[in-house]
Structures are given as C-alpha cells and as structure tokens.
Amino acid sequence: MNGKTIFITGASAGFGAACARMFATDGNRLILTARRVDPLLKLQEELAAHSAVHIIPLDVSDREAVQGAIESLPERFRSIDVLLNNAGLALGLEPAHQVDLDDWDTMVDTNIKGVMYCTRFVLPGMVERNRGHIINISSTAGAWPYPGGNVYGGTKAFVTQFSRNLRCDLLGTRVRVSCIQPGMAETEFSKVRFKGNKEQAAGVYQGTEPLTAEDIAETVRWIVSQPPHVNVNTLELMSIDQAWGPFAINREQK
Ligand code: NDP
Ligand code: 8X3
C-alpha cells in the first residue's frame, strides 16, 4: 500500500499519530489534522524523510472549517484515497443524572458531527473518482453498554451504524467503508476523559496489557491493504485482558 493520499483527523496523539507513522513509512502522502498544531508540526518533521505531509489545524466540530480545509487542499493532496475519521473523545464517567451537559454537547459535536462533516465534504470526490476508503473509529462502547458510558457510547453507536448506512448508499461504487471498534487502548484517551487527572487515567490500565495505538494502526493497515473488491465492514478488537461482565442486578433487601 503506497502512493495514496490519506486524510487523518485527530493525528496529534494516540491512534491518529500511530496511523500517520504507519502510512508514512508505507510511502503515502498525508494530510494530518487536529486542534493542537505543535504535535502536528513535530510529526511533520519526524515523517519528512518518508512522506509529503500537509498539516491543517482543524476542529472537526466546526462545519465551515472542515469545508474550508477540504476545499482549499493543495492540488497534490486533493484526491483523497483514505479518510480516517479518528478524532474523538470521551468526557467524564458520571451517571446521566449528574453529568455536565457541556460534556455531552462536546462529545456529540466531535464524535458525531465531526464524522458527518468530514465524510460529507470528502465523499463527493471519492464517488466522482469511483475509488476511496472511509475508515471510521467507533468503539466497543458503541456496541456494549457500561455505567457512565451514556452519551460516549451513544456517539460510537452512531459511528457504527453510520458506517453501515454509508455502505448502503455507496453500493455500486468502488468506495469502501470500514468501521473499527477497539476496546481499552492506552493513549491520551483516559487523560482527556478524566480531565487531566493522570492517576485516575493510569488506573484504567493498571495491571493490564491494553491495546496500543500501534495495534490499531496495524489493523488499519490490514483493512486498507485488502484487495479492492473486499470491504471489511466492522472489526472489533480487545486486549486479551478485557472481556464482558455479567448483567448487573439490583438486589433490594426483602
Ligand atoms: P487520544 O486522546 O490519544 O487522541 C484523540 C485525538 O482526537 C487527538 O489527536 C485530538 O487532537 C483529536 N481531537 C479531539 N477532539 C477533536 C476535535 N474537536 N477536532 C479535531 N481533533 C480532535 O485518543 P485515542 O487515540 O485513543 O482516540 C482516537 C479515537 O479512538 C477516538 O475517536 C476515540 O473515541 C476512539 N477510541 C479510543 C479507545 C481507547 O481506549 N483509547 C478505544 C476505542 C475507541 P487535539 O486535541 O489536538 O484536537
Ligand atoms: C474507548 C473504550 O471502554 O473506555 O472507546 O469506552 S472505553
């Protein structure tokens, strides 16, 4: 897999940065986006030997900014072959009746609207060229409930179903759509969820061997390198140290 133009959202950390490294060493052109510019500049410098890298400071929840970024791409980055809708976050783990409503808004705006906007503005070019691949990062949280998962899990269920529905709309074209549902992976994810509380974030992974960002990049590499007639629809993966629990039962004193 080489010579492709890859657009990655949330490339400043975690899965997005690992995918950028993987795609660069495989010899592709990269468009790296995120809100924080410094990590993007560092990545651009790191990858310069392998790959042409165009960076764009971008908040995916800003519809006009997404449109502007995609419509003003330099000529040699215009024909996007792979859109990796990866930017996303969880905020908090409180029960629904105690949650900060702003956190819910931010998750909906980023995880749902960000995926909608990037997809909508990139997709027409893919359909016109009759090639391309959209890879959406959902989560096990979109398939399996857990306490405090409330809106985060809901946004990821959206990503999974949106991916399937895109396949229906694109049937008859050569544009592929894949959805990855990772379980617990150690990145900046928990630091963001717990708003900078490093001890609480580290506790999520303590005593386990979680998935790594590189594991997700390898998964993306495998999905993209399938023959063009093969569409991986949905792929769920977890650390060996994670599995499902039993149903929770409330037992009252009778
Ligand atoms: P990180 O926190 O390490 O990375 C998240 C990335 O998303 C950062 O680059 C961040 O960049 C970017 N981002 C967040 N908000 C926005 C925004 N509004 N606009 C643009 N970019 C944004 O987490 P992960 O790498 O773990 O997460 C990547 C994806 O994987 C997310 O969608 C997450 O929900 C999902 N996921 C994570 C799992 C895990 O356990 N880690 C498991 C399953 C799914 P910046 O702050 O610079 O904007
Ligand atoms: C991230 C995995 O289990 O923390 O999507 O929700 S989890």
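Scroll up to find the structure.
So, a few notes on the structure that sits alongside this text. (Residues numbered from 1 in each chain as written. Chains lettered and ligands numbered in written order. Predicted model: local features only at pLDDT ≥ 70, side-chain atom pairs only at ≥ 80, totals over all residues. Heavy atoms only, no water.)

### A word on helix α7 (residues 198–205)
The α-helix advances 3.6 residues per turn, and as a result positions three or four apart in sequence lie on the same side. Its side-chain oxygen placed 3.2 Å from the backbone nitrogen of Glu199, Asn197 serves as the N-cap of α7. Of the residues flanking the end of α7, it is Gly207, one or two places downstream, whose phi is positive at about 75°. (Polar contact = N/O pair within 3.5 Å; in protein donor to acceptor, adjacent residues only side chain to side chain. Helix = DSSP H or I, 4+ residues; strand = E, 2+ residues; numbered from the N terminus.)

### Section: helix α3 (residues 63–71)
Those residues of α3 not exposed but buried are Val66, Ala69 and Ile70. Each buried residue of α3 sits inside an arc of 90° when the element is viewed along its axis, so together they form one side. Summarising the geometry of α3, the exposed residues directed more than 90 degrees from the buried face are Glu64 and Glu71. Summarising the contacts, the buried residues of α3 are in contact with β1 (5–9), β3 (53–57) and α4 (101–129). (Buried < 20%, exposed > 50% of the residue type's maximum accessible area, 1.4 Å probe, protein only. Arc of directions from axis to C-beta. Contact = heavy atoms within 4.5 Å.)

### Overview of the sheet that holds strand β2 (residues 29–34)
Working definition: the strands of a sheet are paired by backbone hydrogen bonds and lie parallel or antiparallel to each other. Pairing in this open sheet of seven strands is parallel, and the strands run β3-β2-β1-β4-β5-β6-β7 from one edge to the other. With one partner strand each, in any of the chains shown, β3 and β7 (234–237) form the two edges of the open sheet. Taking the axes of each pair of neighbouring strands and ignoring which way they run, one obtains an average angle of 15° across the sheet. Bridge count between β1 and β2: five bridges; the pairing is parallel. (Pairing = 2+ DSSP bridges. Axes fitted to C-alpha atoms, helices over the stretch in contact; angles between N-to-C directions.)

### So, the site of ligand 2
In the neighbourhood of ligand 2, the contacting residues comprise Ser139, Ala141, Tyr146, Tyr152, Phe189 and Arg193. For ligand 2, an oxygen atom lies 2.6 Å from a polar atom in the side chain of Tyr146. Tyr152 places a side-chain nitrogen or oxygen 2.6 Å from an oxygen atom of ligand 2. When the residues that make up the shell around ligand 2 are grouped by side-chain class, the tally is four nonpolar, one polar and one charged. (Near = heavy atom within 4 Å. Nonpolar A, V, L, I, M, F, W, Y, C, P; charged D, E, K, R; others polar.)

### What about the site of ligand 1?
Residues in contact with ligand 1 amount to 29 residues; listed here are only the nearest, Ser12, Arg35, Asn86, Tyr152 and Thr187. At 2.7 Å from an oxygen atom of ligand 1 is found a side-chain nitrogen or oxygen belonging to Ser12. Interatomic distance of 2.6 Å between a side-chain N/O atom of Tyr152 and an oxygen atom of ligand 1. Contact with the protein chains hides 96% of the accessible area of ligand 1, taken as 880 Å² for the molecule alone. A class-by-class count of the residues in the shell around ligand 1 yields 14 nonpolar, ten polar and five charged. (Areas by Shrake-Rupley, 256 points an atom, 1.4 Å probe, with all protein chains shown as cover.)

### With respect to the environment of Gln200
As for its placement among the helices and strands, Gln200 is situated in helix α7. The partly exposed category is assigned to Gln200, whose relative accessible area is 39%.

### A word on the packing of aromatic side chains
Taken as a whole and judged by the stated rule, the model has three aromatic pairs. Plain terms: the ring middles of Tyr152 and Phe189 are 5.5 Å apart, the flat faces sit at 55° to each other, and that makes the pair tilted. Linking Tyr152 in helix α5 (residues 150–170) with Phe189 in helix α6 (residues 189–193), this pair joins segments that are 37 residues apart in sequence. Assessed through its relative accessible area of 7%, Tyr152 is described here as buried. Looking at Phe189, the relative accessible area reads 25%, which means it is partly exposed. For the pair Phe158 and Phe162, a centre-to-centre distance of 5.2 Å together with 15° between the ring planes defines the contact as stacked. Of the two residues, Phe158 and Phe162 are both situated in helix α5; the distance of four residues between them amounts to about one turn of the helix. Since its relative accessible area comes to 24%, Phe158 is described here as partly exposed. (Phe/Tyr/Trp six-rings, centres within 6.5 Å; stacked < 30°, edge-to-face > 60°.)

### Notes on the packing of helix α1 (residues 14–25) against helix α2 (residues 37–47)
Interaxial distance between α1 and α2 falls to 11 Å at its minimum, and their mutual angle equals 20°. Here α1 is positioned roughly parallel relative to α2, judged by the angle of their axes. For the pair α1 and α2, the crossing hand works out as right-handed. Only Leu43, Glu46 and Leu47 of α2 make contact with α1, whose side of the interface consists of Ala17, Ala20, Arg21 and Ala24. Taken together, the residues of the contact of α1 with α2 break down into five nonpolar, no polar and two charged. (Parallel < 35°, antiparallel > 145°, perpendicular 65-115°, else oblique. Left-handed = near helix turned anticlockwise from the far one by under 90°.)

### Quick look at the pairing of β2
Counting buried positions along β2 gives five out of six residues, so the element sits mostly inside the fold. Since β1 and β2 lie parallel, the crossover through α1 that links them has a hand, and here it is right-handed. Pairing between β2 and β3: five bridges, direction parallel. Directly across from Leu32, in β3, lies its bridge partner Ile55. Chirality of the crossover, the property in question, places the unit of β2, α2 and β3 among those that are right-handed. (Right-handed = clockwise from strand over helix to strand, strands pointing away.)

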